[in-house]
Structure formats: structure tokens, C-alpha cells
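Below, each chain spelled out in residue letters.
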Amino acid sequence: MAPRDGLQSQHSLIPTEAKVSFIEALSESGLSEIEAGAFVSPKAVPAMADSLLVFQKMKRKKGVVYSALAPNEKGLDLAVLAGVNKIAVFTAASETFNQKNINATTKESLKRFLPVVSKAKIASLPIRGYVSTAFFCPYEGRISPEAALRVCLELLDLGVDEISIGDTIGRACPDDVRRLLDLCLKKIPADKMALHFHDTYGMAVANALAAWDEYKIARFDASSGGIGGCPYAPGASGNVALEDLAFAFESCAGKTGVDLKKINKALDGIAPYIEKPFSSRLQTLRSAL
Ligand code: HMG
Ligand code: MG
């Protein structure tokens, strides 16, 4: 997630070349998928305004899926022009968050996605559907698991191939995750689900391990260095740090295929442009890696 969720909230301009080098370096680290940009309104998220250029300039590694956000038809057309391998539409379980983030109600957003999904299918692009604020909303507080499930099912009905359930403000704890997954897994197969934990309260690794151990969810979104956050979720930190998540899974569950030295190399290149220090625990232990 680092090139998209990680960089989208940066206030200072990051040169396109630095983003390209970052993505190319991450591509060498064993990751199977990289969300490399967002075809969203440049007024809403100026930091992603050069996504087309990034896609056009970056060298791609065979076997890596390079995805991007595409919230409407304009975004989809740009994503196709950019040659993305996968697109993601995004909506939320909270109406207030949706209004602030995408200027639409949940129902309006789903209607907006209809032509996006059908055009993406014509272009043979796999489609991810994000459900943000699936546990807590920065404006409405706790969100019921039933409300989150409803939006997941509506996205699947539209034709998305997988759902990424977002703890946008990084507030959920393992019991919140259990409550939602108990409900979701009655309706949605585990292999259609990814979990997208932000790590504001330091719960993300525990949440991911619980989801893997108890529910066999095997796809987790992460951001190298723990960088990022959503511009419309004030105070939220970045996604769980890729290094910390990989370390936890290598310790408890087996090989992840991620080369942490190569992640560090990628982070060295982007570090001068990142406003906050990296938040991952493993960054303090670099010499031991
Ligand atoms: P709107 O203002 O309702 O849309 O925004 P509009 O169709 O009226 O367009 C307004 C202007 O934006 C127009 O330009 C359009 O051309 C332009 P103008 O005529 O004023 O010069 N525009 C675009 N430009 C480029 N690409 C596009 C595009 N669409 C419109 N695709 C819209 C609606 C959805 C476009 C806007 O609100 C938006 O882009 N929002 C995106 C916000 C965003 O990117 N948030 C962060 C990502 S979501 C996230 O971080 C959560 C996640 O990580 C999961 C989690 O953590 O929970 C995924
Ligand atoms: Mg996010």
C-alpha cells in the first residue's frame, strides 16, 4: 500500500521519479501486489495527481500485480490508459465518511461503480472493492458489523472480485475483528477477503494474526515503513508496517516471501520525502536484520 495509501496524505510534493524508484525497489522485495497509485480527483488528493505518469514511467517486474484506485469512470479510463493490472473501487460503511471522502452517499457510490465495474470487466481487469470504516468512523464512532457486511455484499453483488475490509482509523481490536468476521464468513468465502488495518492504536498485527489463526484470512494490506493514512480520516496513522507484519507472520506462520533487506533499501530511497519518521518497530532494529 505504501505508494498509494502511504504517499496520498503527504503535503509536500514528492517527485514522480522518486515514486517510480520506490515502486521499482519494492517490486524487487518479493511482494506479489503493489497498489501503485490512485486515479482520483487531483483536487481531492493532490499527492496522487501524477499517477498516470508514475505508471507510464515505472519498470514492471513480471508476476507483480500493479493496482490503483479508480472511483469513477474517469478514474477507470485513466487506469486503463496507465495499463494497471487491477483496479479498486472504494466506499464505506459510514455515510459521513463517504460524503467527506468521495462526495457521495454509500448508495450513490455503488451506482457510480456500476459502469466502472462493467468497463473493467470488458478490459479483463480484476476488481477490488474497499469497505472503509468497517469498524469505526472518525465522525460517527463505532460502526455495526451488520452495516459493514451489508456494504461488502452490495459490492460483491456489483461484481467485484474481492473485498478489502478497512479499519480506516486503526482503532479495532481483535474482538472487533472476530465480531465482523463471524458475520462475514457466513456469507463471503475467506479467499475473497483481504483486511486493511491501519495501526493508530498498535492493534494491527494482533488483528491480522487473529484473522489468520482463527478465520484463515490470508491477504493483508500493509505499507512499508508504516507510512500513510487517509486525508479524510484525521489523526489516523498509516497501514500496519509491512516489515512488522512480515516479521509476525514469519515468526508464527511461516515464510511470506518478503525480503526485509530489500524493503529497507526501498525505504532508504523514499525516506527524504516522507514527513513523519517511519513507524515500524523493525526500523529501530535495522542492524539486526
Ligand atoms: P466530485 O467532486 O463529486 O466529482 O468528486 P466530480 O465528478 O464532480 O469531479 C470534480 C472534479 O474532479 C472535476 O474536475 C473532475 O474532472 C475531476 P474540474 O472540472 O473541477 O476541473 N475528477 C477527476 N480527475 C481525475 N481523476 C478522476 C476524477 N474524477 C473527477 N478519477 C471524487 C468525487 C470521487 C472524484 C472525489 O471525491 C475523489 O477523487 N475522492 C477521492 C478521495 C481519496 O482518494 N481518498 C483517499 C483514498 S480512500 C482511502 O484511503 C481508504 C482506503 O485506504 C481503505 C481504508 O483505509 O479504509 C482505500
Ligand atoms: Mg487505508
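Residues numbered from 1 in each chain as written. Chains lettered and ligands numbered in written order. Predicted model: local features only at pLDDT ≥ 70, side-chain atom pairs only at ≥ 80, totals over all residues. Heavy atoms only, no water.

A. Main features of the overall build of the chain. Helix and strand counts for the chain come out as 11 helices and nine strands. A globule of 289 residues ought to have a C-alpha radius of gyration of about 19 Å, and the chain, at 17 Å, matches this closely. The dimensions of the chain, computed from C-alpha atoms along their principal axes, are 45 × 40 × 35 Å. When contacts within the chain are restricted to residue pairs at least 6 apart in sequence, those whose partners lie at least 24 apart make up 73%. Only carbon and sulfur atoms are counted for the fraction: they give 55% of the accessible area of the chain, which is about 12,500 Å². Charge-centre separation for the chain: the mean point of 34 positive side chains lies 3 Å from the mean point of 32 negative side chains. (Helix = DSSP H or I, 4+ residues; strand = E, 2+ residues; numbered from the N terminus. Rg over C-alpha atoms; globule rule 2.2 N^0.38 Å. Contact = heavy atoms within 4.5 Å. Areas by Shrake-Rupley, 256 points an atom, 1.4 Å probe, with all protein chains shown as cover. Lys, Arg positive; Asp, Glu negative; His and termini not counted. Charge placed at Lys NZ, Arg CZ, Asp CG, Glu CD.)

B. Highlighting the nonpolar core. Judged by nonpolar contacts, the single largest core of 98 residues is most densely connected at Ile-87 and Ile-165. In terms of residue count, helix H7 (residues 145-158) provides more of this core than any other element does, eight residues in total. (Core = buried A, V, L, I, M, F, W, Y, C linked by side-chain atoms within 4.5 Å. Buried < 20%, exposed > 50% of the residue type's maximum accessible area, 1.4 Å probe, protein only.)

C. Structural view of the pattern of salt bridges. Following the criterion strictly, the structure yields 18 salt bridges and no others. Residue Glu-214 pairs with Arg-178 through a salt bridge whose shortest N-O separation is 2.7 Å. Taken together, the residues span a long stretch of sequence, with Glu-214 in helix H9 (residues 204-215) and Arg-178 in helix H8 (residues 174-184) at a distance of 36 residues. For Glu-214, a relative accessible area of 43% corresponds to the partly exposed category. Measuring nitrogen to oxygen at the nearest pair gives 3.9 Å for the salt bridge that ties Asp-244 to Arg-281. Pair noted here: Asp-244 is in helix H10 (residues 242-252) and Arg-281 is in the segment after helix H11 (260-270), with a separation of 37 residues, a long-range link. Residue Asp-244 is classed as buried on the basis of its relative accessible area of 8%. Judged by relative accessible area, Arg-281 falls into the partly exposed class, the value being 48%. Connected via shared salt-bridge partners are Glu-33, Lys-86, Arg-128, Glu-162, Arg-219 and Asp-221. (Salt bridge = Lys/Arg side-chain N within 4 Å of Asp/Glu carboxyl O.)

D. Highlighting the sheet that holds strand E1 (residues 33-38). Pairing is parallel across the open sheet formed by seven strands, whose spatial order is E1-E2-E3-E4-E7-E8-E9. Each of the sheet's edge strands pairs with one partner strand only, and the pair in question is E1 and strand E9 (220-221). Two strands pair when backbone bridges link them, and strand E8 (residues 193-197) and E9 are joined in this way by two bridges, in the parallel orientation. When the sheet's bridge partners are listed, Leu-195 is paired in E9 with Phe-220. Across the face of the sheet, helix H6 (residues 106-122) comes into contact with strand E3 (86-92) and strand E4 (127-132) while running at roughly 170° to E3. (Pairing = 2+ DSSP bridges. Axes fitted to C-alpha atoms, helices over the stretch in contact; angles between N-to-C directions.)

E. Region of interest: the site of ligand 1. Among the 27 residues in the neighbourhood of ligand 1, the closest are listed as Ser-41, Lys-43, Asn-103, Ser-132 and Thr-168. Between Gln-8 and ligand 1, the recorded distance is 2.8 Å, taken from a side-chain N or O atom to an oxygen atom. Within the contact set of ligand 1, an oxygen atom lies 2.5 Å away from a side-chain nitrogen or oxygen of Lys-43. Within the complex, 75% of the 1,100 Å² of free accessible area of ligand 1 lies under protein. Per element, the largest residue contribution to the shell around ligand 1 is three residues, and it comes from helix H4 (residues 73-82). (Near = heavy atom within 4 Å. Polar contact = N/O pair within 3.5 Å; in protein donor to acceptor, adjacent residues only side chain to side chain.)

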